[in-house]
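Secondary and tertiary structure notes
Listed here are the chains, written in short residue letters.
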Amino acid sequence: YQRRVRGSKMKRTDVSFYQFKIESRFKKSLVTAAKIFKENTVDQIKAVCSEKMTYHEHTVIKSMAAEEIYRNPYSFSQKLYEVVAEDLASLGILVHYYIVLKVERAD
């Protein structure tokens, strides 16, 4: 996707990797996920995770300087991971990892 960051247009290429799973090691997390997603298919659960990821990407992008994102996509990935992990944990979902390998100028 493309996004304007403080006057610069940037795009995150689809060179990113992430993995989610329903947290089953802790009973509370498993019960939470079961209550929230009991009527959902796997594809619907994936869609919820992807929507939350996209929302948080926009939030993190707004909070960082464009040059910082370009120079250090790992820092962007880390900040995004922290935000998304907390949000999805409230749904009983564990984020194993989220890595962005490339961010570039769109203009």
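Definitions and limits used
Residues numbered from 1 in each chain as written. Predicted model: local features only at pLDDT ≥ 70, side-chain atom pairs only at ≥ 80, totals over all residues. Heavy atoms only, no water. pLDDT = per-residue confidence, 0-100. Helix = DSSP H or I, 4+ residues; strand = E, 2+ residues; numbered from the N terminus. Axes fitted to C-alpha atoms, helices over the stretch in contact; angles between N-to-C directions. Parallel < 35°, antiparallel > 145°, perpendicular 65-115°, else oblique. Left-handed = near helix turned anticlockwise from the far one by under 90°. Contact = heavy atoms within 4.5 Å. Nonpolar A, V, L, I, M, F, W, Y, C, P; charged D, E, K, R; others polar. Polar contact = N/O pair within 3.5 Å; in protein donor to acceptor, adjacent residues only side chain to side chain. 1 Å grid on protein atoms, 1.4 Å probe; cavity = no way out; pocket = protein on both sides within 12 Å on 5 of 7 lines; lining within 4 Å. Points joined across faces, edges and corners; volume = space filled by probe spheres on them.

Glancing now at the confidence of the model for the protein chain. When pLDDT is averaged across the protein chain, the result is 78; 76% of the residues are at 70 or more. Considering each helix and strand of the protein chain separately, the mean pLDDT is smallest for strand E1 (residues 2-5), with a value of 47, and largest for helix H1 (residues 27-37), with 90.

This part takes up the packing of helix H2 (residues 42-63) against helix H4 (residues 73-89). Packed helices, taken two at a time, are described by the angle their axes make and the gap between the axes. Look at H2 against H4: their axes get within 9 Å of each other, and the N-to-C directions meet at 135°. Taken together, the axes of H2 and H4 are oblique relative to one another. As for how H2 packs across H4, the hand of that crossing is right-handed. Of the residues in H4, those in contact with Cys49, Lys52, Met53, His56, Glu57, Val60 and Ile61 of H2 are Phe76, Lys79, Leu80, Val83, Val84, Asp87 and Leu88. Among the residues forming the contact of H2 with H4, the class breakdown is 9 nonpolar, 1 polar and 4 charged.

Let us look at the side chain of His56. Inspection of the secondary structure assignment puts His56 in helix H2. Here the side chain of His56 touches Asp87 through a polar contact of 2.7 Å, side chain to side chain. Apart from the residues within four sequence positions on either side, His56 is in contact with Leu80, Val83, Val84 and Asp87.

Right, let's talk about the layout of surface pockets for a bit. Taken as a whole, the largest pocket holds about 190 Å³ of empty space. Lining the largest pocket we find 10 residues, and of these Phe20, Val42, Ile45, Lys46 and Cys49 sit closest to its centre. Every element with two or more residues in the lining of the largest pocket is listed here: strand E3 (16-22) and H2. Top contributing element to the lining of the largest pocket by residue count: H2, with 5 residues. Here the lining of the largest pocket is built from residues that sort into 7 nonpolar, 1 polar and 2 charged.

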